[in-house]
Amino acid sequence: MSTTFTLNGKSTTLDADPAMPLLWALREVAGLPGTKYGCGMALCGACTVHLDGKATRSCVTPLSSVAGRKVTTIEGLQSKQAKAVQAAWIELQVPQCGYCQSGQVMSATALLEKNPVPTDADIDSAMSGNICRCATYSRIRAAIHTASQALKA
Amino acid sequence: MTTQTHSARGSRRTFLKGAGGASVMALTIGFEWIGSVRRAGAAAALESGAPFAPNAFLRIGADNSVTVIAKHLEMGQGSYTGIATIVAEELDADWSQVRVESAPADAKRYGNLAMGGVQGTGGSSAMANSWNQLREAGAKARAMLLAAAANDWHVPVSELSISNGVVSHSATNTRAKFGSLVKTAAALPVPDQVTLKDPKDFKLIGRKAARVDAAAKSDGTAQFTLDVVFPGMLVALLKRPPLFGATVKSFDAAAASAVPGVLKVVQVPRGVAVIAKNFWAAKQGRDALQIEWDDSKAEKRSSTELMEEYRRLADQPALSARKEGDAERALRDATRKVTASYEFPYLAHAPMEPLDAVVKLSANSCEIWAGDQFQTVDQANAARVAGLDPQQVSIHTLYAGGSFGRRANPGSDYIVEAVSIAKANGADGTPIKLQWTREDDIHGGRYRPMYFHKLEAGLDARGQLTAWRHVIVGQSIIADTPFAAMIKDGIDATSVEGAANIAYAIPNIAVDLSTTKIGVPVLWWRVVGSSHTTFAVEAFIDEVAHAAGEDGFTFRRKLLDHHPRLKGVLELAADKAGWSSGPLPAGRGRGIAVTEAFNSYVAQVAEVSVDKDGHVKVDRVVCAVDCGTAINPDIVAAQMEGGIGFGLGAARFGAITLKDGRVEQDNFNNYRVLRMSEMPKVEVHIVPSTEAPTGVGEPGVAPVGPAVANAIFAATGRRMHVLPFPKAGDA
């Protein structure tokens, strides 16, 4: 069985079990390892990708359900919001172990693409599905504000 | 921007290719420890593709790149950046040219000097044990580069200067980057003695050098074990028994084998493994496995029963971990007695990257890729299972997606599983990745042990603290492991650290330990013993201060005259938090706690708000830390912030509970950890110091629980005697 969709801007056909979670199709079939496995139940956000621009947990998204849709992974981030987020991540030295950060960057980017000037409450609401066991949360919050400022300038 | 060699597949070769020429000259320097004798390593000129001298901490390429070889795991704590900073400082290297590469498993060259030579990362010792070793490695290389320039330019060494990766001779206006000096330097003898920098001349240490891994960890390119791929690699999932201590009685692999992509189902000592072409097939295959377990030797008790037993044991005779004066008599004579008990659950580490390892096993070699925290222990355990000599086992240490102690376990559980699966698969050299799921992680044991603490204190007529009696009941982390030799007179120091060494000036102290034997595997968990002892001591001293009618800060401060560094952080945290401004308005509270862990001193002041329904919000934590020389103050701050989040999550939500021996939690839905909306504002204040560096990865975890508990008391009058804290409405 094959599924065709737009992956990081390119039409892509993956030959895999249509029930396979998108996470594993991306990692093991498409060869894109930036998206991480953390819980398999949409509880931690490590697997976050953009599905038609919306932050989506790929670990519970069957491959078949993305047919004809647009999937963006950390490898394919291009938007100015994404670049601002990644620059802020480095400027504020956000990552520790780094494992959850692909998902954090994807969620933060999706937030800023929708809401260019988020409040702390907006950030809590958009980011509380992304767990960081190193608890880099304060820096993530600050980095989102930094990216938001940079985008205004 | 600095970069890091994070390839699982021969970053060294990549480096050589990157260096471009047919011939790469490199200067290597290092020190070999043989007992207490230190021997300088050989410097060597190297041909492309040839192996490098084996005892190196540092390699300088003709392309000016400086590669620092890290003997410690990078699991988020910043070890790679810290290690590189120390070397680059003494070398006067250009920070943008510094790369970090992980060391192979070799205790002789890369042993942790704080762990009796075992190669491993833990006890917040990465900087402390490397400090002199790496300063010397950098300084000797620097001396050799200067000697090389003097030789090449025919000028006296005394006329040369070196800075930011460039050697200069001002009189002749001659300058050279390191790369051009490597060939000459490599042929020079390694100096026996070298003068280290005066700390006032530090240019990197004490500054905020950028993390070597920040960029790769912001764009998804950092490589974890999860990301290791080899042609033909298979993925294995292991079905482990639902009860600790159970074993496989029989199994039916028919349904599992019928799943497309499943190649083999094999029994190994820890259970039954499904080996498949990919994760999804292995997972479906494992879900379809039918296994009958032999529970006859399994632990079948519930955690409530265990705690009941612990409470009983707290009143029975126990072994003495510390005895000064006569606490029993002083308690009898006390004008006022305070008693309390504290209960601590099992805790899972739950690092974001579930345990995983890639093993390539053949008849005479075993290659392992993992976020390996205990290289030479894992090497020995893998060799034993594979039937090989330890020298035949090589380990490639990759970034670990967190660990918090989990990846350093004396039995090397996940490594041994992976090797045993590769062996059962035929040891034919096929790379196999063992992947734990999150449920495997939560169910998998090696928890922070459950503990019961009982405390009694006596106050005299003037309100002076005269007696302190503390009984701790719980499992030993190191009993029945190769580290059991460290148990002295029945006392496992990891059970009582933070309690037996209580710093408060109390004339009569008794700290006793009752060690239990339970069939639940346990392990060190970030900040180890202090993850529970600091809570008990700091929550109880607060109750005692209250009974004495004194403020928690003032009461503690008076008892710390002989501990200036502890007193220093206590005062700093209180000052920065505005403690002297008096209590917060109704519904809010402030609490303080202080501790020493891994030779660092940390005090924290927490501020909480509690609404009328009892919902607690931790608004702010002010942290003061004295960790000696802060090699990278920004990483010190990050470790305090992260430690506070980690400790707070455990205090508020963390618990692994057993029902008839079965773990009741499965994933992040019922093993709750801290989330973004629950993270307080954190301020970190670092005590300026020129003392040798001490740990920062763990100490910040310990004080936050009691500081918050004491703040909740200030806000509500309720004490927290059971962890995790009760949910609003529960109590």
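Residues numbered from 1 in each chain as written. Chains lettered and ligands numbered in written order. Predicted model: local features only at pLDDT ≥ 70, side-chain atom pairs only at ≥ 80, totals over all residues.

## Focus: the overall build of chain B
Selection rule: Elements are defined by DSSP. Helices are runs of H or I of four residues or more, strands are runs of E of two residues or more, and each kind is numbered from the N terminus. Burial is judged by counting the other C-beta atoms within 10 Å of a residue's own C-beta: 20 or more makes it buried, 12 or fewer makes it exposed, and any count in between marks it as partly exposed, with every C-beta position built from the backbone. It is the C-beta atoms, placed from the backbone, that decide contacts: two residues are in contact if theirs lie within 7 Å.
Looking only at helices and strands, one finds 18 helices and 29 strands in chain B. Seen along its three principal axes, the alpha-carbon backbone of chain B occupies a region of about 80 × 75 × 45 Å. Taking all 731 residues of chain B together, 56% fall into the buried category. Taking as baseline every contact in chain B between residues at least 6 positions apart, the subset at least 24 positions apart corresponds to 77%.

## Notes on the domain arrangement of chain B
Residue and element names in this part refer to chain B. For the record, the criterion: Domain extents, as shown, originate in an automatic or database domain assignment. Under the scheme applied here, ten amino acids are nonpolar (Ala, Val, Leu, Ile, Met, Phe, Trp, Tyr, Cys and Pro), four are charged (Asp, Glu, Lys and Arg), and all others, including Gly, are polar.
Assigned domains of chain B: these are domain 1 (11-201), domain 2 (225-296 + 355-435) and domain 3 (303-344 + 446-716). With centres defined by C-alpha atoms, the gap from domain 2 to domain 3 works out at 37 Å. At the junction of the two partners, domain 2 supplies 10 residues and domain 3 supplies 13 residues. Counted by class, the side of domain 2 that touches domain 3 contains five nonpolar, three polar and two charged residues.

## Focus: the pairing of strand S17 (residues 356-362) of chain B
Residue and element names in this part refer to chain B. This is how it is decided: For two strands to be treated as a pair, DSSP must find no fewer than two bridges joining them.
Most of S17 sits out of view: five of its seven residues are buried. Two elements, S17 and strand S20 (residues 431-435), share five bridges in a ladder whose sense is antiparallel. When the sheet's bridge partners are listed, Lys360 is paired in S20 with Pro431. With five bridges joining them, S17 and strand S18 (residues 365-370) adopt antiparallel strand pairing. Following the sheet pairing, Val359 is matched in S18 by Ile368. As consecutive antiparallel partners, S17 and S18 are separated by two residues.

## Some points on the environment of Ala126 of chain A
Residue and element names in this part refer to chain A. With respect to the helices, strands and loops of the structure, Ala126 is situated in helix H4 (residues 120-127). Expressed as a C-alpha distance, the spacing of Ala126 and Arg27, which sit 99 residues apart in the sequence, is 25 Å. Ignoring anything within four residues of it in the chain, the contact list for Ala126 reads Ser107, Leu111 and Pro118.

## Re the sheet that holds strand S24 (residues 588-597) of chain B
Residues and elements named next belong to chain B. To be explicit about the condition: What counts as an axis is a line fitted to C-alpha atoms, over the stretch in contact for a helix, and the angles between N-to-C directions run from 0 to 180 degrees.
The four strands are arranged S24-S25-S26-S29 in an open sheet whose pairing can be described as mixed. Bordering the open sheet on either side are S24 and strand S29 (681-686), each of which pairs with just one other strand. Averaged over all adjacent pairs, the angle separating strand axes in this sheet is 15 degrees, with direction ignored. For strand S26 (residues 616-626) and S29, the ladder comprises six bridges, and the chain directions are parallel. The residue of S29 that forms the bridge with Ala624 is His685.

## Concerning the interface of chain A and chain B
Opposite the 42 residues of chain A that make contact, chain B presents 45 residues. Elements that contribute at least two residues to the side of chain A that touches chain B include exactly helix H1 (22-29), helix H2 (80-91), helix H3 (101-114), H4 and helix H5 (137-152) of chain A.

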